[in-house]
Amino acid sequence: MAQPAATVPDETAVQAQTPKKELGPVFKLASGPTKWLDDRIGVAGLSRPFLRKVFPDHWSFLLGEIALYSFIVLILSGIFLTIWFKPSMAEIEYEGTYELLRGIQMSEAYASTLNLSFDIRGGLLLRQMHHWAAAVFVAAMLTHSLRIFFTGAFRKPREINWLIGVAMLTLGIINGFTGYSLPDDLLSGTGLRFVDGLIRAIPVIGTWAEFFTFAGEFPGELIVPRLYMVHILLVPALLLGLIAAHLALVVYHKHSQFAGPGRTAGNVVGYPVFPVYAAKAGGFFLIVFGVLTLMGATMQINPVWVFGPYNPAEVTAGSQPDWYMGFVEGGIRLMPNWEWHIGSTTWSWNVAIPGLGLMGLFFGLMAIYPFVEAWVTGDKREHHVLDRPRNAPTRTAFGVAAITGYSLLMIGGGNDLVATIFDVSLNAVTQVLRVAVFVGPVIAFLVTKRICIGLQRSDRDRMLHGAESGIIDRAPSGKYAERHRPISEGEAYTLTQHEDIPALMPATETDGFSEKEIKREQRRRQATRFYFIDTLRRPTRAEIEEAADHHMHAMAIEGDGEHHPIEIEEEHHLAK
């Protein structure tokens, strides 16, 4: 028989102690400067609320971080390029490394760009990293805006942050174009000629605006220095201020989150900034930096030595702007030749409408949409839980229609390349796109809305009837049916957390509106019917409870083996 273990008397027992935590070498190195700052400005007290701020964890939230980290890469690479680039249009004779252009007259701006590409160690890598980072920066901002739009993250109290995002997207496109124009090569000069045409097309004041911008007739001698100041000082300073305001409002309003168990408008489920989120963000920044470096090293972009110096009398065949300006180029190419001649003036609607009007329409609609939807719904509450795009079918359809129109305009901006690659008529491509740019968004709207409603119906069936099990049963009568299993509580919570917004019937005088108010209310109610008349209502509490009882009953009978699953389903439908 085993003997009992010996025990230690209480008077000789030693109380257990937790060993003191030792700081690692990095924290030991940072502890001195941190304590020095804390003693003087209270940095610990100031940073503690932010470091404990909780952020949700979802892959789509990384889109905004990609934009932020691309902007950091733009600043770092831009500082390097600023040291070597000469923003001057003074003509010199090129005597650099690239032999095919030796002895050719060119501007100092173009010569310094060649020098950066061939004579400065790492210059070509940094040039291409800078250009790729600009393209990724705008793409990430646009994709981030689409995520916010489709999930309804622009609703109260985030309307101001949405407007800040629209302003950042606008400034990003402007700064991308100014940087694209600085090398003074034939391709960028063609883009500047395009802008010169847009400025001239401004009714009445176009000529004076052109002389003010270019300090005389195009191209003048000051446009590159002016664009350089805009590119490295004005727009970056505005972007830095807007980014700071954008992030401050994200922290102030708390981050929005997707629907799920335990997630409400009054909390945020996720990880604190320090140490979890800080470590993830730092690692993700290194990934973005590494990918942009790899792109700059292996993927050629904007080879200015191939185009040659700018000459106003020449144009590059197949010239295309950077992708984010492609929709404006497409609008210009697809627009019919409409002009008015009034007195001694020419009104070039073929340039003004697709060029100036298209950009104004694009950014204007983005800016006002949150307020339009708030007017339609009449909802004054704060929203911190995001929508699934399928649960807002009209909004989602509008977004897909806008993407379709934008894509068709971009294709129009390369109609000559489309005709060459596919060996079709350029005029045929243009004519088809002129129709498609109006018909395509309408078709995309209708198809997307029906898809969203179909997905809503699928969610409703899954909620009420359960998930497909993959097990097919055959009844004695020969009928086949698939078994269904009840879904988890977490999934049920996600499928039923969205709100039902009613489509309102027309207002009447008995509703208490004045004659002026009733007209405004009628328009709003008509808009609600357009938005929500086809939206499926989520299951009621009674329907969910009935479905749960049916699943429990079916599982109990199936376990006893008294009835066949198909017979159970038929009994349930007969009972209903």
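Our structure is the block above this text.
Throughout what follows, the structure given in this document is the object of discussion. (Residues numbered from 1 in each chain as written. Predicted model: local features only at pLDDT ≥ 70, side-chain atom pairs only at ≥ 80, totals over all residues. Heavy atoms only, no water.)

Helix and strand content of the chain: 20 helices and 10 strands. For the chain, with 576 residues in total, the buried portion stands at 40%. When contacts within the chain are restricted to residue pairs at least 6 apart in sequence, long-range pairs at least 24 apart make up 74% of them. Working note: accessible area of the chain is about 32700 Å², and carbon and sulfur atoms make up 65% of it. (Helix = DSSP H or I, 4+ residues; strand = E, 2+ residues; numbered from the N terminus. Buried < 20%, exposed > 50% of the residue type's maximum accessible area, 1.4 Å probe, protein only. Contact = heavy atoms within 4.5 Å. Areas by Shrake-Rupley, 256 points an atom, 1.4 Å probe, with all protein chains shown as cover.)

Now for the pairing of strand β6 (residues 339-342). Examined bridge by bridge, β6 and strand β7 (residues 345-348) share 4 bridges and lie antiparallel to one another. The residue bridging Glu 339 from the neighbouring strand is Ser 348, located in β7. Between β6 and β7, which pair antiparallel in sequence order, lie 2 residues; one of them, Gly 343, sits at a positive phi of approximately 65 degrees. (Pairing = 2+ DSSP bridges.)

Take the pattern of salt bridges next. Per the counting criterion, the structure on display carries 20 salt bridges. Arg 388 is the partner of Asp 459 in a salt bridge, and the nearest nitrogen-oxygen pair spans 2.9 Å. Remark: Arg 388 occurs in the loop between β8 (385-386) and α14 (393-413) and Asp 459 occurs in helix α16 (residues 426-465); sequence separation between them is 71 residues. Under the relative-accessibility criterion, Arg 388 is labelled partly exposed at 24%. Measuring nitrogen to oxygen at the nearest pair gives 2.5 Å for the salt bridge that ties Arg 483 to Asp 473. Taken together, the residues span a long stretch of sequence, with Arg 483 in strand β10 (residues 480-485) and Asp 473 in strand β9 (residues 467-474) at a distance of 10 residues. Judged by its relative accessible area of 23%, Arg 483 falls in the partly exposed class. With a relative accessible area of 10%, Asp 473 lands in the buried category. One salt-bridge network, in which partners are shared between bridges, spans Arg 155, Glu 373, Asp 387 and Arg 395. (Salt bridge = Lys/Arg side-chain N within 4 Å of Asp/Glu carboxyl O.)

As a further point, take the side chain of Ser 107. With respect to the secondary-structure elements, Ser 107 resides in strand β3 (residues 105-107). For Ser 107, a relative accessible area of 5% translates into the label buried. Looking at Ser 107, its side chain comes within polar contact range of the side chain of Asp 184, at 2.6 Å. Not counting chain neighbours up to four residues away, the residues in contact with Ser 107 comprise Ser 88, Met 89, Ala 90, Glu 91 and Asp 184. (Polar contact = N/O pair within 3.5 Å; in protein donor to acceptor, adjacent residues only side chain to side chain.)

A separate point is empty space enclosed by the protein. Taken as a whole, this structure holds 2 cavities of 30 Å³ or more when the rule is applied. Estimated volume of the largest cavity: approximately 90 Å³. Elements represented by at least two residues in the lining of the largest cavity include exactly α16 and α17 (489-496). The element that contributes the greatest number of residues to the lining of the largest cavity is α16, accounting for 4 residues. By volume, the second largest cavity amounts to about 30 Å³. In this structure, the second largest cavity is lined by Val 138, Leu 142, Leu 169, Ile 173, Trp 323, Tyr 324, Phe 362 and Tyr 406. When contributions to the lining of the second largest cavity are tallied by element, the ones reaching two or more residues are α5 (123-151) and α6 (159-181). Of the residues that constitute the lining of the second largest cavity, the class distribution is 8 nonpolar, no polar and no charged. (1 Å grid on protein atoms, 1.4 Å probe; cavity = no way out; pocket = protein on both sides within 12 Å on 5 of 7 lines; lining within 4 Å. Points joined across faces, edges and corners; volume = space filled by probe spheres on them. Nonpolar A, V, L, I, M, F, W, Y, C, P; charged D, E, K, R; others polar.)

Grouped together as the largest cluster of nonpolar side chains are 58 residues, with contacts concentrated most on Phe 137, Trp 162, Leu 169, Ile 173 and Leu 239. Tallying contributions element by element places α5 first for this core, with 12 residues. Ranked by size, the runner-up nonpolar core spans 22 residues in total, among them Leu 81, Met 89, Ala 109 and Ile 199. (Core = buried A, V, L, I, M, F, W, Y, C linked by side-chain atoms within 4.5 Å.)

Here β9 pairs with β10 via 5 bridges, running antiparallel. Paired with Ala 467 across the bridge in β10 is Arg 485. Joining the antiparallel neighbours β9 and β10 is a turn of 5 residues, in which Gly 478 adopts a positive phi near 100 degrees.

Okay, the packing of aromatic side chains next. Any two aromatic rings considered together are summarised by their centre-to-centre distance and by the angle between their planes. In total, this model carries 30 aromatic pairs according to the counting rule given. Geometrically, the ring pair formed by Phe 149 and Phe 150 is edge-to-face, given 5.6 Å between the ring centres and 75 degrees between the ring planes. Pair check on accessibility: Phe 149 and Phe 150 agree, each one buried. Ring geometry for Trp 323 and Tyr 324: centres 5.7 Å apart, planes at 80 degrees, overall edge-to-face. Trp 323 sits in the partly exposed class, given a relative accessible area of 28%. Each member of the aromatic cluster is reached from another via a ring pair, and the members are Phe 149, Phe 150, Phe 154, Trp 162 and Tyr 369. A cation over a ring is seen here: Lys 449 above Phe 530, with NZ or CZ 5.3 Å from the ring centre. (Phe/Tyr/Trp six-rings, centres within 6.5 Å; stacked < 30°, edge-to-face > 60°. Lys NZ or Arg CZ within 6 Å of the ring centre and 35° of its normal.)

All right, on to the packing of α6 against helix α7 (residues 186-200) then. At their nearest, the axes of α6 and α7 sit 8 Å apart, and the two run at 130 degrees to each other. In terms of orientation, α6 lies oblique with respect to α7. Residues Phe 177, Tyr 180 and Ser 181 of α6 lie in contact with α7, whose contacting residues are Leu 187, Ser 188, Gly 191, Leu 192 and Val 195. (Axes fitted to C-alpha atoms, helices over the stretch in contact; angles between N-to-C directions. Parallel < 35°, antiparallel > 145°, perpendicular 65-115°, else oblique.)

Taken together, the side chains of Lys 516, Lys 519, Arg 520 and Arg 523 present a region of like positive charge at the surface. Along the chain, Arg 523 falls in helix α18 (residues 515-532). (Patch = residues over 30% accessible without salt bridge, like charges linked within 9 Å, V, L, I, M, F, W, Y side chains within 5 Å. Lys, Arg positive; Asp, Glu negative; His and termini not counted. Charge placed at Lys NZ, Arg CZ, Asp CG, Glu CD.)

Before going further, it helps to examine α5. Taking 1.5 Å of rise per residue, the 29 residues of α5 would be expected to cover 42 Å, and the 42 Å separating its terminal C-alpha atoms lies within 8% of that figure. Within α5, 23 of the 29 residues are buried, which leaves the element mostly enclosed by the surrounding structure. Directly after α5, the chain includes Gly 152, whose backbone phi takes a positive value near 75 degrees. (Expected span 1.5 Å × (residues − 1).)

Tracing the chain through its elements places Lys 254 in the loop between α9 (223-253) and β4 (257-258). It is Glu 382 that comes nearest to the buried, bridge-free Lys 254 among opposite-charge side chains, at 6.9 Å. Those residues within four positions of Lys 254 in sequence are excluded, and the remaining contacts are Lys 53, Arg 158, Ala 265, Gly 266, Asn 267, Val 268 and His 384.

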